[in-house]
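A closer look at the structure
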Amino acid sequence: MKKQTVELMLIKDQKAMKILLFAMLAIFICLLAPGQNETPFVPIDEVEISPPAFTGISNYADFAIIDANYLQRYLTSHINYPSGAANCGREGREVIKFNVNALGQVTNINIVNGVCPEIDDELIRVLESTNGMWKPGRKDGIPVTMEQEVFVVFSLSADPEKTNEKFFEIATQCFKKGAETFFEEGKSKKAERLFTRGINYMPHDQSLLLMRGLCRYERGNQEGAREDWTRLFELGTLDMNTKYLAEAKTLEAYEAFVTMLEEK
């Protein structure tokens with residue numbers, strides 16, 4: 001998987017009631033590989049891959065020079081913090097995936113982590129408006145479909161540093177309380193709610209995803225568990241608290257997790 005990172009934070013200032021946008025947009029890009037039966041094996045170091053690039057221009061003919069800030073500026077100008085979500089104090093990191101096909105069109109938009117339906121709809125609206133404004137990704141010079149992932153931070157604080165600290169603190173407390181509830185009290189349903197709340201603020205936290213997957217599996221939601229663990233594997237190597245990892249090893253759900261890991 002080839003990755004490119006930018007970041008975007010959407011903030012609502014409670015005093016001035018203005019929408020502010022900070023450069024905190026994260027984009028993860030990976031090539032959607034063709035079927036093995038259709039394509040001969042080629043060593044990865046012999047394949048030249050270039051990711052999609054946002055041009056900001058509809059139906060462009062040739063756009064050789066791409067400014068990495070184009071997408072940032074476009075989102076800054078077009079995303080609005082939904083008033084209903086802001087008034088209800090809804091905050092968190094909205095994560096969304098989409099494809100950019102060989103024609104530069106945006107397709108297959110999918111919410112990975114939704115803060116609330118209003119915010120989901122707003123981000124989908126803005127991404128759909130970029131349709132046809134992309135220079136497609138290429139594999140060995142040939143335009144191909146590639147997947148991208150974007151997250152936007154929605155916060156009621158005008159201070160990005162304080163927002164990050166607040167989100168981290170909430171997610172940490174949710175993990176700790178959720179683990180205690182799960183292992184010591186045996187309340188997997190309540191623990192799952194706590195882990196879900198933590199993921200709302202830190203959707204890329206692997207420990208939260210692992211623990212929610214364990215809860216889901218123990219409650220009979222094996223499909224949900226696999227979704228969490230698949231997401232975890234996409235994010236990279238797991239670095240989990242050793243105390244809770246030792247307790248997790250006694251669970252049937254953990255055995256299922258290890259089996260899934262070995263199959264990757």
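Counting restarts for each chain: residues are numbered from 1 in the order of the written sequence. The predicted nature of this model means local features are confined to residues of pLDDT at least 70 and side-chain atom pairs, given and counted, to a pLDDT of 80 or more, with totals for whole chains, interfaces and linings taken over all residues. In computing side-chain properties, one takes all heavy atoms of the structure into account and sets aside hydrogens as well as water.

1. Some points on the pairing of strand E6 (residues 92-100)
Successive residues of a regular strand alternate their side chains across the two faces of the sheet. Only protein chains enter the accessibility calculation, which uses a 1.4 Å probe; a residue is then buried when its area is under 20% of its type maximum, exposed when over 50%, and partly exposed in between. For the purposes of this entry, the term helix denotes a DSSP run of H or I that reaches at least four residues, the term strand denotes a run of E that reaches at least two, and both are numbered from the N terminus. Burial of E6 is extensive: nine of the nine residues sit out of reach of the surface. Two elements, E6 and strand E11 (residues 146-155), share nine bridges in a ladder whose sense is antiparallel. Along E11, the bridge assignment pairs Val95 with Phe151. Where E6 lies against strand E7 (residues 106-113), five bridges are found, and the strand directions are antiparallel. Across the sheet, Lys97 pairs through a bridge with Asn110, a residue of E7. Strand pairing follows a simple DSSP-based rule, namely that at least 2 bridges must link the two strands. In textbook terms, the turn of a hairpin is the stretch between consecutive antiparallel strands, and for E6 and E7 this stretch comprises five residues, one of which, Gly104, has a positive phi near 80°.

2. Section: the packing of helix H1 (residues 70-78) against helix H3 (residues 117-128)
For any two helices packed against each other, one specifies the crossing angle of their axes together with the interaxial distance. Inter-axis angles, ranging from 0 to 180 degrees, are taken between N-to-C directions of lines fitted to C-alpha atoms, where helices are fitted over the stretch in contact. Contact geometry for H1 and H3: axes closest at 11 Å, N-to-C directions at 130°. Here H3 runs oblique to H1, going by the angle between their axes. Considering only the axes of H1 and H3, their crossing is right-handed. Between H1 and H3, the residues in contact are Tyr74, Leu75 and His78 and Glu122, Arg125 and Val126, respectively. Among the residues making up the contact of H1 with H3, the classes are represented as three nonpolar, one polar and two charged. These descriptions rest on fixed angle ranges, namely under 35 degrees for roughly parallel, over 145 for roughly antiparallel, 65 to 115 for roughly perpendicular, and the rest for oblique. Handedness of a helix crossing follows the sense of rotation of the near helix relative to the far helix, less than a right angle counterclockwise being left-handed and clockwise being right-handed. What makes two residues a contact is simply this: any of their non-hydrogen atoms within 4.5 Å. Any residue that is not Ala, Val, Leu, Ile, Met, Phe, Trp, Tyr, Cys, Pro, Asp, Glu, Lys or Arg is counted as polar, Gly included; the first ten are nonpolar and the last four charged.

3. Some details on the sheet that holds strand E10 (residues 142-144)
Across the sheet, three strands lie side by side as E4-E9-E10; this open sheet has antiparallel pairing. Edge positions in the sheet fall to strand E4 (49-50) and E10, since each of these pairs with one other strand and no more. Bridge count for strand E9 (residues 137-139) against E10 is three bridges, and the pairing is antiparallel. Along E10, the bridge assignment pairs Gly137 with Val144.

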